[in-house]
Amino acid sequence: MANNLMQEFPDIQILKDEPLSKYTNTKTGGPADWLAFPKDVAEVQKLVQFANTNAMPLTVIGNASNLIVRDGGIEGLTMILTQMNGIQVEGNRVIAQAGASYIETTKAARDHSLTGLEFAAGIPGSVGGAIFMNAGAYGGETRNVASEVTAMLPDGTIKHYNNEELDFGYRHSAVQDNHGIVLEAVFDLKPGNQAEITALMDDLNARRAAKQPLELPSCGSVFKRPEGYFAGKLIHDAGLQGYTSGGAQVSTKHAGFIVNVDHGTATDYLNVIHHVQATVKEKFGVSLETEVRIIGREAE
């Protein structure tokens, strides 16, 4: 059935056996059997229905910033929503499609003198990913500003969520539980002073650049913050900064990051993650949970 995906959807960009290392922020990951770039909700719906009808596994990734795709790649159909990237401003609301960059969304707010999204000025994910994970930084979280979200459920139906229904938690939202696909989000903001908004965004980006290894491929912060601790400090105190497996390394600049220093593979990344988890558990009795999503098949 899958063989006629391209014939079935001639208007949608679809690639076969496409290496996901081209799209992930870590520059790692095996091939997607089929990789589609829908341009609008109707195309997403058609692809979801096709996958359902043909019992084809379906995976949706935002802009693959907080993601590790195993070296065996992803079975079935994978969708990347980066062509659905429209951003509108209506009064005090910023309405962004799922594939829009979160950083570009913060700039749209700034350009209209709207305050509330400054915390996200340097978060490299998509709006859909930010909703899915309740992305946060520097004391701010997506749940504080996202008022409405439109998502598609696995059966292809559209569901509208208000803030309460999204059940936001630490790196969690109801969309994860319902296996929904975020399509659009509305951010309710407040009028502010553009110069002050710009200054705060510039300050947060400067702080991020000073502390984080932005010059190397990475998936951002790898581990969730364990209660009562900071993951980066535990990793640093365990003497793991600079620990390397293959081409993946615990960053010497920020221990909470794993960077691709030399053509690393997803397997290299996972080896570093498992070594860090085991060492921190052994030394401090603390279990580190991954914040990064790990998906796909094991390499054969």
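If you're wondering where the values come from, they're calculated on a predicted model, not measured in any experiment. (Residues numbered from 1 in each chain as written. Predicted model: local features only at pLDDT ≥ 70, side-chain atom pairs only at ≥ 80, totals over all residues. Heavy atoms only, no water.)

### Concerning the overall build of the protein
Right, on to step 1. Along the protein, the regular secondary structure elements total eight helices and 19 strands.
Right, on to step 2. Taken over the C-alpha trace, the protein has a radius of gyration of 19 Å; the compact-globule value for 300 residues is 19 Å, and the two agree within 12%.
Right, on to step 3. Along the longest, intermediate and shortest principal axes, the C-alpha atoms of the protein span 55 × 55 × 30 Å.
Right, on to step 4. Within the protein, the proportion of its 300 residues that are buried is 49%.
Right, on to step 5. For the protein, the exposed area adds up to about 13500 Å²; of that, 48% sits on carbon and sulfur atoms.
Right, on to step 6. Put simply, the protein has 24 plus and 35 minus side-chain charges, and the middle of one group is 5 Å from the middle of the other. (Helix = DSSP H or I, 4+ residues; strand = E, 2+ residues; numbered from the N terminus. Rg over C-alpha atoms; globule rule 2.2 N^0.38 Å. Buried < 20%, exposed > 50% of the residue type's maximum accessible area, 1.4 Å probe, protein only. Areas by Shrake-Rupley, 256 points an atom, 1.4 Å probe, with all protein chains shown as cover. Lys, Arg positive; Asp, Glu negative; His and termini not counted. Charge placed at Lys NZ, Arg CZ, Asp CG, Glu CD.)

### Some remarks on the UniProt feature "domain: FAD-binding PCMH-type" (unreviewed entry) in the protein
Right, on to step 1. Per the UniProt annotation, the sites labelled "domain: FAD-binding PCMH-type" (unreviewed entry) are residues 27-192.
Right, on to step 2. Between the C-alpha atoms that bound residues 27-192 there is a distance of 38 Å. The span itself is 21% helix and 35% strand. (UniProt positions renumbered as here; feature names shortened; annotations may be inferred.)

### Quick word on the pairing of strand 5 (residues 74-80)
Right, on to step 1. Burial of strand 5 is extensive: six of the seven residues sit out of reach of the surface.
Right, on to step 2. Sheet topology note: the strand 2 (residues 31-37)/strand 5 ladder contains four bridges and is parallel. Bridge assignment links L35 to a residue of strand 5, and that residue is T78.
Right, on to step 3. Inspection of the sheet shows strand 3 (residues 58-61) paired to strand 5 by four bridges, in the parallel sense. Counted as the bridge partner of V60 is M79 from strand 5. (Pairing = 2+ DSSP bridges.)

### Some remarks on the sheet that holds strand 18 (residues 257-260)
Right, on to step 1. Spatial ordering of the open sheet is given by 15-18-17-16, a layout of four strands whose pairing is antiparallel. Each edge of the open sheet carries a strand with a single partner, namely strand 15 (218-221) and strand 16 (244-245).
Right, on to step 2. Summarising the sheet, strand 17 (residues 248-250) and strand 18 pair through three bridges and their orientation is antiparallel. Each bridged residue has a counterpart across the sheet, and for V250 the counterpart in strand 18 is I258.

### Observations concerning the packing of aromatic side chains
Right, on to step 1. The final tally for this structure, using the stated rule, is four aromatic pairs.
Right, on to step 2. The positively charged end of K16 is found above the aromatic ring belonging to W34, 5.2 Å away from the centroid.
Right, on to step 3. Against the face of Y170 rests R225, its NZ or CZ located 5.0 Å from the ring centre. (Phe/Tyr/Trp six-rings, centres within 6.5 Å; stacked < 30°, edge-to-face > 60°. Lys NZ or Arg CZ within 6 Å of the ring centre and 35° of its normal.)

### A word on the environment of S21
Right, on to step 1. For S21, the position within the fold is in the loop between strand 1 (13-19) and strand 2.
Right, on to step 2. Judged by its relative accessible area of 24%, S21 is partly exposed.
Right, on to step 3. It is 9.1 Å that separates the C-alpha atoms of S21 and A266, two residues lying 245 residues apart in sequence.

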